[in-house]
Amino acid sequence: QVNLVESGGGSVQAGGSLRLSCARSGLDYSSTYMGWFRQAPGKEREGVAAIDSDGTSSYADSVKGRFTIAQDNAKNTLFLQMNSLRPEDTAMYYCAAGGGPSSPKSRKFGGRVFNYWGQGTQVTVSS
């Protein structure tokens, strides 16, 4: 069973930093790509960053230069370092993984389809 559990969200002032973590299990992550998505109230879920099993990463234009995605394969953990946060970064952030069957919950980002999701962690940035 695939299990993705996010942590590290919280409230921060504009310009501040947060580091999100995602504990993962149930997949062969040596051959699976991972990603972070976010969803603000009333908006569609959007891709933020993705990383392939070889470490190649991609980012949404809105976060390039501010966010960094990384993974610790030994600890089966995915990270998202978020710096220079802005009020528009406020959203629920979701850890996602590729593989498995497509479903109505599937989302695309960076040429990849993500089918597995965590429960999310809230990030709130105040001005």
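Further up the page is the structure itself.
Residues numbered from 1 in each chain as written. Predicted model: local features only at pLDDT ≥ 70, side-chain atom pairs only at ≥ 80, totals over all residues. Heavy atoms only, no water.

## Examining the state of the cysteines
Reasoning step 1: Evaluation of the coordinates by the stated rule reveals 1 disulfide.
Reasoning step 2: Between the sulfur atoms of C22 and its disulfide partner C95 the distance amounts to 2.1 Å. Torsion about the S-S bond of the C22 and C95 cystine: about -75 degrees, corresponding to left-handed handedness. Of this pair, C22 sits in strand β3 (residues 18-25) while C95 sits in strand β9 (residues 91-97), and the two are 73 residues apart along the sequence.
Reasoning step 3: The exposure class of C95 is buried, given its relative accessible area of 0%. (Disulfide = S-S within 2.5 Å. Helix = DSSP H or I, 4+ residues; strand = E, 2+ residues; numbered from the N terminus. Buried < 20%, exposed > 50% of the residue type's maximum accessible area, 1.4 Å probe, protein only.)

## Re the environment of G8
Reasoning step 1: Tracing the backbone shows G8 in the loop between β1 (3-7) and β2 (10-13).
Reasoning step 2: Residues G8 and Q122, spaced 114 residues apart in sequence, show a C-alpha to C-alpha distance of 8.6 Å.
Reasoning step 3: Beyond its immediate stretch of four places on either side in the chain, G8 contacts L18, R19, L20 and T121. (Contact = heavy atoms within 4.5 Å.)

## As for the sheet that holds strand β7 (residues 67-72)
Reasoning step 1: Read across the open sheet, the 4 strands follow the order β1-β3-β8-β7; overall the sheet is antiparallel. The open sheet has two edge strands with one neighbour each: β1 and β7. Averaged over all neighbouring strand pairs, the angle between strand axes comes to 15 degrees, with direction disregarded.
Reasoning step 2: Two elements, β1 and β3, share 5 bridges in a ladder whose sense is antiparallel. The residue of β3 that forms the bridge with L4 is R24. (Pairing = 2+ DSSP bridges. Axes fitted to C-alpha atoms, helices over the stretch in contact; angles between N-to-C directions.)

## Details of the environment of M82
Reasoning step 1: Relative to the helices and strands, M82 resides in strand β8 (residues 77-82).
Reasoning step 2: By relative accessible area, M82 is classed as buried at 0%.
Reasoning step 3: Sequence separation between M82 and R66 is 16 residues; the distance between their C-alpha atoms is 6.1 Å.
Reasoning step 4: The contacts of M82, once residues within four sequence positions are left out, are G16, S17, L18, L20, R66, F67, Y93 and V123.

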